Amino acid sequence: MKFFDKLQGFLEKFIGPVAQKLNESDLIGGLSSGMMRTLPITLGVSLFAILVNLPIAPWQSFLESTGLYVVTQEILSATMSMLAVYIVISVAYSYANIKKESGMTAAILSTGAFLCLMPQSIEGKDGAISAISANYLGSNGIFVAIVTALAISSLYIWLVKKKLTIKLPDSVPPMVSESLSPAFVAIIIFAFVLVVKFLFYLTPFGNIFDFVTEIISKPVMNVGSSPWVLIALYTFTNVLWFFGIHPSPIVNMYTPVLIAAITGNVESYMAGEELPYLALMTVFICMNLGGNGNTIGLAIDMLTAKSERFKAMSKLSLVPSIFNINEPMVFGVPLMLNPIFFIPMALTTPITGIIAYVLYKIGFSSAFNPTVSAPWIMPGPITGFLEGGILTALIVCVCIVANMILYFPFFRMADKQALKEEQEAALGE
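K.L.:
Could you give an account of the overall build of the protein, with specific residues and numbers?
P.N.:
If you tally the helices and strands in the protein, you get 20 helices and 2 strands. Counting the 429 residues in the protein, one finds 46% classified as buried. Counting only carbon and sulfur atoms, one obtains 70% of the accessible surface of the protein, whose full area is about 21,200 Å².

K.L.:
Go over the side chain of Asn238, please, and point to the residues and values.
P.N.:
With respect to the element layout, Asn238 can be found in helix α13 (residues 227–242). In terms of polar contacts, Asn238 uses its side chain to reach the side chain of Thr349, at 2.5 Å. Filtering out sequence-adjacent residues up to four positions away, Asn238 remains in contact with Asn292, Gly293, Met345, Thr348 and Thr349.

K.L.:
Requested: an account of α13, with residues and values cited.
P.N.:
In a regular helix each residue adds 1.5 Å, so 16 residues correspond to 22 Å; α13 covers 23 Å between its end C-alpha atoms and thus fits that length. For α13, the tally of buried residues reaches 12 of 16 residues, placing the bulk of the element in the interior.

K.L.:
Could you give an account of the nonpolar core, naming the residues involved and the relevant values?
P.N.:
Counting 42 residues, the largest nonpolar core has Ile87, Phe114, Tyr156, Ile189 and Phe209 as the members making the most contacts within it. Going through the elements one at a time, α2 (26–37), α7 (83–98), α8 (103–116), α9 (142–161), α11 (183–201), α12 (208–224) and α14 (248–270) are the ones with two or more residues in this core. When residues in this core are grouped by element, the largest group, 12 residues, is from α9. The residues contacting Tyr156, other than those within four sequence positions of it, are Glu101, Ser102, Thr105, Ala106, Leu109, Pro182, Val185 and Ile189. Grouped together as the second largest cluster of nonpolar side chains are 31 residues, Tyr234, Val257, Leu258 and Tyr277 included.

K.L.:
Which residues make up unusual backbone geometry, and what values do they have?
P.N.:
Within the chain, Lys100 stands out as a residue other than glycine whose phi angle is a positive 65 degrees. Mapped onto the elements, Lys100 comes out in the loop between α7 and α8. Located in the positive-phi region is Asn324, a residue other than glycine, with phi close to 65 degrees. A residue is classified by how much of its surface remains accessible, and Asn324, at 13% relative accessible area, is buried.

K.L.:
Describe the packing of aromatic side chains, and please don't skip the residues or the numbers.
P.N.:
Tallied over the entire structure, the rule returns 10 aromatic pairs. Ring centres 5.4 Å apart and planes at 80 degrees place the aromatic pair Phe205 and Phe211 in the edge-to-face group. Phe205 sits in the partly exposed class, given a relative accessible area of 29%. Residues Phe310 and Phe411 carry aromatic rings whose centres are separated by 5.4 Å and whose planes lie at 90 degrees to one another, so their mutual orientation is edge-to-face. One end of the pair, Phe310, is in helix α17 (residues 308–322); the other, Phe411, is in helix α20 (residues 380–428), with 101 residues separating them in the sequence. We note that Phe310, like Phe411, is buried.

K.L.:
Account for α2, with residues named and values stated.
P.N.:
Here α2 is 12 residues long and its end C-alpha atoms lie 16 Å apart, about the 16 Å a rise of 1.5 Å per residue gives. Restricting attention to buried positions, one finds in α2 the residues Ile28, Gly30, Leu31, Gly34 and Met35. Buried residues along α2 cover an arc of 160 degrees about the axis, so they all sit on one side.

K.L.:
Any details on the packing of α13 against helix α15 (residues 278–285)? Residues and values, ideally.
P.N.:
At a minimum axis separation of 9 Å, α13 and α15 run at an interaxial angle of 25 degrees. Relative to α15, the element α13 is oriented roughly parallel. Like other packed secondary-structure pairs, α13 and α15 cross with a definite hand, here right-handed. Here α13 contributes Pro227, Leu230, Ile231 and Tyr234 to the contact with α15, which in turn contributes Ala279, Leu280, Val283 and Phe284. Among the residues making up the contact of α13 with α15, the classes are represented as 8 nonpolar, no polar and no charged.

Procedures and definitions
- Residues numbered from 1 in each chain as written.
- Predicted model: local features only at pLDDT ≥ 70, side-chain atom pairs only at ≥ 80, totals over all residues.
- Heavy atoms only, no water.
- Helix = DSSP H or I, 4+ residues; strand = E, 2+ residues; numbered from the N terminus.
- Buried < 20%, exposed > 50% of the residue type's maximum accessible area, 1.4 Å probe, protein only.
- Areas by Shrake-Rupley, 256 points an atom, 1.4 Å probe, with all protein chains shown as cover.
- Polar contact = N/O pair within 3.5 Å; in protein donor to acceptor, adjacent residues only side chain to side chain.
- Contact = heavy atoms within 4.5 Å.
- Expected span 1.5 Å × (residues − 1).
- Core = buried A, V, L, I, M, F, W, Y, C linked by side-chain atoms within 4.5 Å.
- Phe/Tyr/Trp six-rings, centres within 6.5 Å; stacked < 30°, edge-to-face > 60°.
- Arc of directions from axis to C-beta.
- Axes fitted to C-alpha atoms, helices over the stretch in contact; angles between N-to-C directions.
- Parallel < 35°, antiparallel > 145°, perpendicular 65-115°, else oblique.
- Left-handed = near helix turned anticlockwise from the far one by under 90°.
- Nonpolar A, V, L, I, M, F, W, Y, C, P; charged D, E, K, R; others polar.

Purely geometric stuff here, so don't read any function into it on its own.
See below:
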């Protein structure tokens, strides 16, 4: 117990305040909320992505002959492959709303700035043509989209608070007033964008997108998109969760890496190329089976409970755990600050991650379809099946069994202790 007391004290002193600051940060809140707002785009086209990529020869021939294949691919290109545009809009909108300013104005200004920063010409056979490269609208533009959304919306909010908006008479209709009042603010913002664009034009990179890709995005993706980094991150958050520190602020910081990896996979998939982040996404599917700590294994183990306490807990926690909601178990068992369950909570993620990675290496994710994006509440095996077929679903099932085996001896210990306490209480009566 002294070990756990010391570890808890360390986490509360050094990690707790950091996690609390991140959780309270308006920037993190705007980023997290903005990313969540883009889910309708990815989820809205997921069914089309599944249907158009079904490996059934007659079905594929029908799609080709009718033109449905081309039309559906264009829909996917306008959504999944242009995710940076939706991100800049939603993040700016969310952050401005948190700061109690006009989310719509922030979103419009940020989107305009984002498009202005892009190169406006593409070299063709007959010279340069006026166009915007789709390459900057997908995975290569996500980091710039996030930075632009937060920077421009922050500048807009600061200028508004400095009373630089135009004050119009009360007789002016509200719609007109809201449109004209930030005009001077917009001039300042686009002057700032002009300076930034020109400064990057003077560099060897030519624009901010290529600069970010070469200097920031590639190193971050090379390190951050490693399955081992993902496993280490979720192992760390499970330890935090055990000691009562919610993992969401830490996980939210990693979200841009995941979004960029998903978009990169989609772009490669649609181009008929090998998926660059297949290992990462295969492991990611198995990181939260039942919730933080992969507690679906424990929920299934509790079906064998002998004590009334865990029998009741099983009825309360099994269904939520199937849909990756484990708060009833974390607070009800409890798992939090319970020394019996520290080891399995800390070890399930690395064990699960290693199993998923090994199965990936031997070819279990060869049919992975990155255009399919299942919501986080989808049961793990179903997510695996939708995104990668039967073999990926089998990876998830193997990981669930491994979690059951790991949790079982610790659960049996807790169940025996609870049963003994119940029997002693019965005798005392």
